[in-house]
Amino acid sequence: MALEVDDLEFQTLSILNRAQEPVGSGWLSEQLRQEGRPVSEATAGRLLRDLDHKGYTEKTGYRGRTLTGTGLRHLEELRVERSRLFRGHELLKALRVGDMQQLVQVLVARRAIEREISRLAAIKVSDGELAGIREIVTFYAQAQTASETAEWDFRFHRMLSRIAGNKVLDATTELIHQEAQQVPIPAYIAKKIKAAVVEDHWQIVTALETRDPNLAEEAMVHHINAIIEGVTTYWDEAEPGDSSQPPGKEARSDSEVAPAIEAAGARRT
C-alpha cells in the first residue's frame, strides 16, 4: 500500500508541476483518471489537503493549489528514487539467466567486480579471516551435491566481498550471487569444472596469504575466465533443465561450520 500512495503522490505532484494555473480537486481528479488512476473529486481534495499539510502545496485563494519550493524539491527526489528503482529492476532482469550468452554476460560482470574485491581483500584480510576462508574452500572441495557445492562457492565469494569492506561492491556482489543462485550453472558443467575451481580457490587463498593485491586480482580473473571457458565448452552437453538443484543432502548449516568461519565472516568494523 505504501508504494501505491507514493506513486499517487508522485503523479499528483507531477500534474501540479505541469499545470499552467492553480489546480482544484475536480481538475486533479480528471487528470488522474486520464493517467489511469481514477479517484473521486472528494479523494482528490483529501490528497491536496494532505500535500498542504506536508508543505508541498499551498492554496492560491479559491483558485486551487500550486507547488511550493519544498514540493518541487520533493518531486525531484521522487523522480530520482523512481529512476533508481527502474534501473534496479532492469539489473535484476539482466541477471536472470536464460541461456548461455546471458550466463556468460553475468560472469563477465562478476569478473569486473570481483577482481577489485580480491585486491581489497588481499590488503585488508586478517589471520582469522584467512582461517575462515580456508575452511570454506575445504568444505567446497568435500561437497557431494550440486546444491551443496553451489552454497559453499557462494560463501567463498561472499566472504571475500565482506573482507574487502566496500559497501557498494559488497551490495552488488550480493545481488549478483543471490540472483545467480536462482538459476545456477548447470549441474553437469559445475561437476566438470569443480576440480579446477577448487584449485582456483586455493590460488586465491594463497594470494591473500601473501597480501599481494596484484596476485589476488590475477588469481580471481583466472578463476572467472576458467568458469566462462567451462560454460562455453560444456553448455551443449548439459541436459535441458540441468540448472535446477538436484535432491540430496543440504549444505551444512552455519552452526556446523567451524567457529573460525563465523568470526571471519563478520563485517570489518
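Rules and cut-offs
Residues numbered from 1 in each chain as written. Predicted model: local features only at pLDDT ≥ 70, side-chain atom pairs only at ≥ 80, totals over all residues. Heavy atoms only, no water. Helix = DSSP H or I, 4+ residues; strand = E, 2+ residues; numbered from the N terminus. Buried < 20%, exposed > 50% of the residue type's maximum accessible area, 1.4 Å probe, protein only. Contact = heavy atoms within 4.5 Å. Areas by Shrake-Rupley, 256 points an atom, 1.4 Å probe, with all protein chains shown as cover. Axes fitted to C-alpha atoms, helices over the stretch in contact; angles between N-to-C directions. Parallel < 35°, antiparallel > 145°, perpendicular 65-115°, else oblique. Nonpolar A, V, L, I, M, F, W, Y, C, P; charged D, E, K, R; others polar.

Draft legend 1. Focus on the overall build of the protein. Helices and strands together make up the secondary structure of the protein, namely 11 helices and two strands. Along the protein, helices (α) and strands (β) appear in the sequence α-α-α-β-β-α-α-α-α-α-α-α-α when read from the amino end. Across the 269 residues that make up the protein, the buried fraction comes to 41%. Considering only contacts within the protein whose residues lie at least 6 apart along the sequence, 73% involve residues at least 24 apart. Total accessible area on the protein stands at roughly 14700 Å², and carbon and sulfur atoms take up 52% of it.

Draft legend 2. Focus on the environment of Ile-193. Positionally, Ile-193 belongs in helix α9 (residues 187-210). On the basis of relative accessibility, which here comes to 11%, the residue Ile-193 falls in the buried class. Spatially, the C-alpha atoms of Ile-193 and Tyr-234 are 9.5 Å apart, while their sequence positions differ by 41 residues. Apart from the residues lying within four places of it in its own chain, the contact partners of Ile-193 are Ile-227, Gly-230 and Tyr-234.

Draft legend 3. Summary view of the packing of helix α6 (residues 127-142) against α9. In contact at an axis separation of 10 Å, α6 and α9 are set at 170 degrees when each is read in the N-to-C sense. Viewed along their axes, α6 and α9 adopt a mutual orientation that is roughly antiparallel. The residues of α9 that touch α6, namely those facing Leu-130, Ile-133, Arg-134, Val-137, Thr-138, Tyr-140, Ala-141 and Gln-142, are Lys-194, Val-197, Val-198, His-201, Trp-202, Val-205, Leu-208 and Glu-209. Classifying every residue of the contact of α6 with α9 gives 10 nonpolar, three polar and three charged.

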